[in-house]
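# Residue-level structural notes
One letter stands for each residue in the lines below.
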Amino acid sequence: MLAEWFKHLRTPAPPHLKAMGYVKELIAVEARHRRCAGAWAPHLETCRKLIGDAARDAGHGRVTVLGSGLLLDVPVDELAGLFKEVILVDIFHMPAIQERVRAHANVRLVTADVTGVVEATWNHVAAGSVGPLPPPQADASAYADSDLVVSANLLTQLPLLPLGLVQKKGRGYGEEETQAFARRIVENHLELLAALPGRVTVLTETQRVICDGPEVLHEIDPLFGAALPAAAVRKHWTWNIAPRPEINRKFDLRFRMTGIPDLQEALP
Ligand SMILES: C[S@@+](CC[C@H](N)C(=O)[O-])C[C@H]1O[C@@H](n2cnc3c(N)ncnc32)[C@H](O)[C@@H]1O
């Protein structure tokens, strides 16, 4: 914990991203991955294989990975070997990731908020505004010239920190309004992906399950009521993200995962 805190202190980042918890979250994922490496391995392998299979099927000009994060589920070396250009997009790239991709001349890191809502929410809350919460403003044109776009375990992460900020510090927003805000962010990302002309691969959790061994104690919808395209061919698996005692000695946290290898196939 102390090491994580110290790392957070020493990692330079825009103040609003630090204050909202983006850097803390990346450092926490890195630490949890170290602690739960065995439990995470099948999930990460499944993701890398899904992305690798989609990559071999697509044209090989440019691939864009949205939510590249710590490159745990992204087979970046394979992508760099297949494509002329690999674009890794995240709201914040840790220094270790900047170091890691230096080995590939055709891999580029792009720092961007793919929702367009993060800074607007920060400013809205900081100003003490009470009006409607800012709408997501995602721009598909930024990724339209990619042969393949991968949304890499990003979808359900998009609303969490803006929502957390509004719930903690926003003035007078009730449950209904904040849940609708989160849902709009999820739906907006799905709309962005649907608007892309090239191949799109989506990896996402679709349910969070708190369980005691095989017994399900509680289920949470991380999509806030949004729905993935019903006709999409999917692969399902479970990510054993926090086996006890990671977050509690008495229960485990699992994610039900969905991979859509080709989103466009499912669209009308
Ligand atoms: C669970 S991680 C995805 C795992 C990642 N693909 C990996 O292999 O490590 C979610 C990522 O989404 C990023 N993220 C969250 N909100 C974002 C936003 N609004 N725009 C861009 N990236 C965002 C986080 O910084 C994090 O790296």
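First, a word on scope: everything that follows refers to the structure included in this document. Keep in mind it's a predicted model, so treat the numbers as computed, not measured.

## Details of the overall build of the protein
Looking only at helices and strands, the protein features nine helices and eight strands. The globule rule puts the C-alpha radius of gyration for 268 residues at 18 Å, and the 18 Å found for the protein is close to it. In terms of principal-axis extent, the alpha carbons of the protein reach across some 50 × 45 × 40 Å. The buried share of the protein, taken over its 268 residues, is 36%. Partitioning the contacts of the protein with sequence separation of at least 6, the portion at a separation of at least 24 is 67%.

## A word on the nonpolar core
Within the largest apolar cluster, 58 residues are counted, with the highest numbers of intra-cluster contacts made by Val65, Leu66 and Val86. In contact with leucine 66, other than residues within four places in its own chain, are Val89, Val114, Val149, Val150, Ser151, Ala152 and Leu154. The next biggest cluster of nonpolar side chains, apart from the first, holds five residues, and it includes Trp239, Ile241, Ala242 and Met257.

## Description of the environment of tyrosine 22
On the secondary structure map, tyrosine 22 appears in helix H3 (residues 22–35). In this structure the C-alpha to C-alpha distance between tyrosine 22 and leucine 161, which are 139 residues apart in sequence, comes to 7.5 Å. Beyond its immediate chain neighbours, meaning those up to four positions away, tyrosine 22 contacts Leu17, Ile91, Phe92 and Leu161.

## Considerations on the environment of arginine 183
Turning to its location among the elements, arginine 183 is positioned in helix H9 (residues 175–194). Distance in space between the C-alpha atoms of arginine 183 and proline 222 is 9.3 Å, their sequence separation being 39 residues.

## A short note on the site of the ligand
Inspection of the region around the ligand gives 22 residues, with Gly67, Gly69, Leu70, Ile91 and Ala152 positioned closest. The class makeup of the residues in the shell around the ligand is 13 nonpolar, six polar and three charged.

## Description of H9
Along an α-helix, a turn takes 3.6 residues, which lines up residues three or four apart on a common side. With 20 residues, H9 should reach 28 Å at 1.5 Å per residue; the first-to-last C-alpha distance of 29 Å fits that figure. When we look at burial in H9, the residues that qualify are Phe181, Ala182, Ile185, Val186, Asn188, His189, Leu190, Leu192 and Leu193. Contact partners of the buried residues in H9: strand E4 (148–152), helix H8 (160–169) and strand E5 (199–212).

## With respect to the environment of glycine 59
With respect to the helices, strands and loops of the structure, glycine 59 is situated in the loop between helix H4 (37–57) and strand E1 (62–66). We classify glycine 59 as partly exposed; it has 13 C-beta atoms within 10 Å. Taking C-alpha positions, glycine 59 is 8.8 Å from arginine 199, a pair spaced 140 residues apart along the chain.

## Section: H4
Across its 21 residues, H4 extends 29 Å between first and last C-alpha, which sits within 8% of the 30 Å expected from 1.5 Å per residue. A maximum bend of about 25° is found in H4 at histidine 43. Buried within H4 are the following residues: Trp40, His43, Cys47, Leu50, Ile51, Ala54 and Ala55.

## A few points about the packing of helix H7 (residues 118–126) against H8
At a minimum axis separation of 10 Å, H7 and H8 run at an interaxial angle of 5°. Relative to H8, H7 is oriented roughly parallel. Mapping the contact onto sequence places Val118, Thr121, Trp122 and Val125 in H7 and Pro162, Leu165, Val166 and Lys169 in H8.

## Considerations on the packing of H8 against H9
At their nearest, the axes of H8 and H9 sit 10 Å apart, and the two run at 165° to each other. Viewed along their axes, H8 and H9 adopt a mutual orientation that is roughly antiparallel. Considering only the axes of H8 and H9, their crossing is right-handed. Where H8 approaches H9, its residues Pro162, Leu163, Val166 and Gln167 are matched on the opposing element by Thr178, Phe181, Ala182 and Ile185. Per-class residue counts for the contact of H8 with H9 are six nonpolar, two polar and no charged.

## Description of the pairing of E5
The side chains of a regular strand alternate, first on one face of the sheet and then on the other. Direction of pairing for E4 relative to E5: parallel, over a ladder of five bridges. Bridging across to E5, leucine 148 finds its partner in arginine 199. Note: E5 against strand E8 (residues 252–260), nine bridges, orientation antiparallel. The residue of E8 that forms the bridge with valine 202 is isoleucine 260. Hairpin geometry of E5 and strand E6 (residues 215–220) is characterised by an intervening segment of two residues between the two adjacent antiparallel strands and by a positive phi of about 60° at glycine 213.

## A closer look at the pairing of E4
Burial of E4 is extensive: five of the five residues sit out of reach of the surface. In the sheet, E1 pairs with E4 via four bridges, with the strands oriented parallel. By the bridge assignment, threonine 64 is partnered in E4 with valine 149.

Rules behind the numbers
- In this numbering scheme, every chain counts its residues from 1 along its sequence in written order.
- Residues qualify for local features only when their pLDDT is at least 70, as the model is predicted, and side-chain atom pairs are given and counted only at 80 or more; totals for whole chains, interfaces and linings, by contrast, use all residues.
- Each helix is a run of H or I in the DSSP string that is no shorter than four residues. Each strand is a run of E no shorter than two, and both are numbered from the N terminus.
- For a compact globule the rule gives 2.2 Å times the number of residues to the power 0.38, and the radius of gyration it is set against comes from C-alpha atoms.
- Buried residues are those with 20 or more other C-beta atoms within 10 Å of their own C-beta, exposed residues have 12 or fewer, and partly exposed residues lie in between; C-beta atoms are placed from the backbone.
- A residue pair is marked as a contact if its C-beta atoms, positioned from the backbone, fall within 7 Å.
- By convention the nonpolar core is taken to be a set of buried residues drawn from Ala, Val, Leu, Ile, Met, Phe, Trp, Tyr and Cys and joined through C-beta atoms within 7 Å.
- Contact assignment follows one rule, namely that a residue is near a molecule or strand if its backbone-placed C-beta atom lies within 6 Å of it.
- All amino acids are sorted into three groups, where Ala, Val, Leu, Ile, Met, Phe, Trp, Tyr, Cys and Pro are nonpolar, Asp, Glu, Lys and Arg are charged, and the leftover types, Gly among them, are polar.
- The span expected for a helix works out to 1.5 Å for each residue beyond the first.
- What is called the bend at a residue is the angle between a pair of axes, fitted to the seven residues leading up to and ending at it and to the seven starting from it.
- Axis lines are fitted to C-alpha atoms, over the contacting stretch for helices. Their N-to-C directions set the angle, which ranges from 0 to 180 degrees.
- Orientation categories follow fixed angle ranges, with anything under 35 degrees roughly parallel, anything over 145 roughly antiparallel, 65 to 115 roughly perpendicular, and all other angles oblique.
- Helix crossings are classified by the rotation of the near helix relative to the far one: an anticlockwise turn of less than a right angle makes the crossing left-handed, while a clockwise turn makes it right-handed.
- Pairing between strands is defined by DSSP: at least two bridges between the two strands are required.

All quantities given are derived from atomic positions and should not be read as evidence of function.
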